[in-house]
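# Structure assessment
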Amino acid sequence: MRGEESRPRVRRGDAPARSGTDLADEQPGADAGAAPALRDPEGGATGESVAALAEDAPRDRGASRRPAGGKRPTGAAGSRPGPGGRGGGRPGGGPGVRPARRKRRILRWAALVLSVVILGTAGAGYLYYRHLNGNIRKGELNIGEHKAPTPTPNAAGQTPLNILLIGSDSRNTKENLRLGGSRESVGAAPLADVQMLVHLSADRSNMSVVSMPRDTLVEIPKCTDPEGEAHPASNGRVMTNQSLGRGGAGCTVATWEKLTNIHINHFIQVDFAGVVDMADAIGGVPVCVDKNIYSHTASNKGSGLKLPKGTHSIKGEQALQWLRTRYGFGDGSDIGRAKAQHMYMSSMVRELRKNATLSNPGKLRGLAETATRALTVDKGLDDVMKLYELGNELRKVPPDRITMTTMPFDYLGPRVVPKPGDAEQLFRLIREDISLDGKDKKRKKKAKLSDDPPAPDARIAVQVVNGTRTDVLAPAAGRASTVAQLLAGKGFDRSVADTQRAVSEAHTVITFPSADLEGDAQRVAKALGIPLSSVEQSTEVSGVTLTVGADWREGSAYPKDGGLDDSAPKSANLLNGADEQTCMEVNPGFTY
């Protein structure tokens, strides 16, 4: 079993570009003595501090030197002291007063020298900026058939950002082969063994990170790679990590959007070697284990990680071992590995906040070089400035408002599937930009009435589905038929019960496929007393669909305490980004 993670990120401003994985860096105050920001050929500022990015340019100090012998030059060639023994100039001038013409000459000379210095340094900085851009590899964002709808801006016109972080297990370079796997793996399609969705709230106050275990069984949509080769949709459910081998990261993005209906803005992909290089460039990341751990490599299952009990700063290959360890953490499943990756990511963010500042330009330059070489990104992030701008948005969130979780799941044999009800609840919170830490839970979602008026009740077609099944309760018998009859009694003559399906939905929801049916869906909600916040658009339905949830298992009236719960499900096992006390639980079979 394989897996790894790294999250590089690049910054600009008064420091060199930095890695997209340092999810939240400090932005030191501008140095009043720093060289001016570079400008690109289009005239826009690159934001890179030339003093931080480029080697120091030679500086012409000749303008400030005196002639040989240390004598101060006279006012004019060959002139003698004027009246009163003073230097040439206006008669009666006081001691130390220089001619105005000479002052102007000195100022012009100083300005020329300063211009040469600035232009020379800026030129070097611009070349380095171009060099970093050349390091970055890029790909298409979404190459699948499914596209999730873009979120609606909030009252301030802001929209959330969703970035998919992907760790590839590719062995198709000498360095990656040395770090993990066997020669038989060379040439094989890469697997997306680490998948984390980073959600940055529209107001930039909080961040949620959701991992999907690589063992999760999902339906992968049809994907067409940039060369035009079509990869057919999976035949039923397969492991989600196979999506990367079906045309690249753009197919992994499409798979996430199909499963979650969350619009993804960007992806960032890194491989084994990139993880090692980033860990070295950062200088070490603290992690903790509650017992001695040795994930021994017997039967080629372990990662080789060996650490005594307590907290340790890991980097290089040891960091990769930590991120890949499955047999040794928790119950030995991919779930334990996801938790270990969350711990590493949280700690890395804190380290970058503390250490990656202008006081250490060498580290900044190393991070910029390493991060850009390690990354594959979508075309919307194919420039250091774009990566910097993304990083600048991410760094606005303090660690205590970063919440990490693993998608709620149920075991299906050795694999896992999204947990009915809980997984969808988590995805809905992300779609609706509701924080997982509950600190903005008091915020009430104001549902906007559709501009499109509804059709007459008798002409609105409604399909009713029984979604009352829970983890411990079977579906409430005949629930779809009961509610369909209830609607018919209210004048919705085209209501039909889908008696072939029994799904799991924690809360009653009304979905519609396109904007022209939003008014109809809201009319159905109003007739039944269902809050408008439970009406949402979905490409998974072909018409107005009412899914009766577990909150309405009985009765003819929608319960007053029904509706959507805006708290994260308990099965999500949240980790706060500021938590420095938690240690990974070591499996007793892998201690020493």
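Numbers given for residues are sequential positions, taken from 1 along each chain in its written order. Per-residue local features are limited, in this predicted model, to residues with pLDDT of at least 70; the limit for side-chain atom pairs, both in listing and counting, is 80 or more; totals at the level of whole chains, interfaces and linings are taken over all residues. Hydrogen atoms and water are omitted, and side-chain values are computed over all heavy atoms in the structure.

Let's shift gears to the state of the cysteines. Cysteine sulfur atoms are paired as a disulfide whenever they fall within 2.5 Å. For the structure shown, the criterion picks out 2 disulfides. Each sulfur in the disulfide pair C223 and C251 lies 2.1 Å from the other. For the disulfide bridge between C223 and C251, the dihedral angle about the S-S bond is near 80°, and by the sign convention the bridge is right-handed. Of this pair, C223 sits in strand 8 (residues 223–224) while C251 sits in helix 4 (residues 249–260), and the two are 28 residues apart along the sequence. Residues C223 and C251 agree in their burial class; the two are buried. With its sulfur 1.8 Å from that of its partner, C288 forms a disulfide with C583. Linking C288 and C583, the disulfide has an S-S dihedral of approximately 60° and is accordingly described as right-handed. With a gap of 295 residues between them, C288 in strand 12 (residues 285–289) and C583 in the segment after strand 25 (575–576) connect regions that are remote in the sequence. The cut-offs for exposure are 20% and 50% of the maximum accessible area for each residue type, with area from a 1.4 Å probe on protein chains only; residues under the lower value are buried, those over the upper are exposed, and the others partly exposed. Of the residues examined, C288 reaches a relative accessible area of 8% and is grouped as buried. With a relative accessible area of 29%, C583 lands in the partly exposed category. The connectivity of the disulfide bonds within the protein can be written as 1-2, 3-4, using the sequence rank of each bonded cysteine. Starting at the N terminus, helices and strands are each numbered in turn, a helix being any DSSP run of H or I of at least four residues and a strand any DSSP run of E of at least two.

For Phe, Tyr and Trp, where Trp contributes only its six-membered ring, two rings pair if their centres lie within 6.5 Å, and the inter-plane angle classes them as stacked under 30 degrees, edge-to-face over 60, or tilted in between. A full pass over the atoms with the stated rule returns 3 aromatic pairs. Relative to Y411, the ring of F409 has its centre 5.4 Å away and its plane inclined at 85°; by these criteria the two rings are edge-to-face. Under the relative-accessibility criterion, Y411 is labelled partly exposed at 44%. Lying across the ring of Y592, K306 places its NZ or CZ 5.1 Å from the centre. Charge over a ring is defined by NZ of Lys or CZ of Arg lying within 6 Å of the ring centre and within 35 degrees of the ring normal.

A few words on the sheet that holds strand 5 (residues 192–200). We treat two strands as partners when DSSP finds at least two bridges between them. Strand order across the open sheet formed by 8 strands is 3-16-11-4-5-6-17-25, with mixed pairing between neighbours. What marks the edges here is a single partner per strand, and that holds for strand 3 (137–139) and strand 25. Both strand 11 (residues 266–270) and strand 16 (residues 376–378) contribute to a ladder of 2 bridges, which runs antiparallel. The residue bridging Q269 from the neighbouring strand is T376, located in strand 16.

Okay, the sheet that holds strand 24 (residues 545–548) next. Strand order across the open sheet formed by 5 strands is 21-20-24-22-23, with mixed pairing between neighbours. The open sheet terminates on both sides in strands that have one partner only, identified here as strand 21 (495–502) and strand 23 (535–537). Taken pair by pair, the neighbouring strands of this sheet meet at an average axis angle of 25°, ignoring direction. Looking at chain direction, strand 20 (residues 462–466) and strand 24 are connected through 4 bridges and run parallel. Its bridge partner lying in strand 24, V465 is registered against T547. Note on contacts: a residue pair is in contact if any heavy atoms of the two residues lie within 4.5 Å. For helices, the fitted axis covers only the stretch in contact; all axes are lines through C-alpha atoms, and the angles between them, taken along N-to-C directions, range from 0 to 180 degrees. Helix 11 (residues 479–489) contacts strand 20, strand 21 and strand 24 of the sheet and is inclined by roughly 170° relative to strand 21.

We now examine the pairing of strand 5. Counting buried residues in strand 5 gives 9 out of 9 residues, a clear majority hidden from the surface. Bridge count between strand 4 (residues 161–168) and strand 5: 8 bridges; the pairing is antiparallel. Bridge pairing in strand 5 links G167 to V194. As paired elements, strand 5 and strand 6 (residues 207–211) share 5 bridges and run antiparallel to each other. Counterpart to L200 in the pairing with strand 6 is M207. The turn linking strand 5 back onto strand 6 is made up of 6 residues, and R204 within it adopts a positive phi angle of 65°.

Spatial relationships are all this shows, so hold off on functional conclusions.
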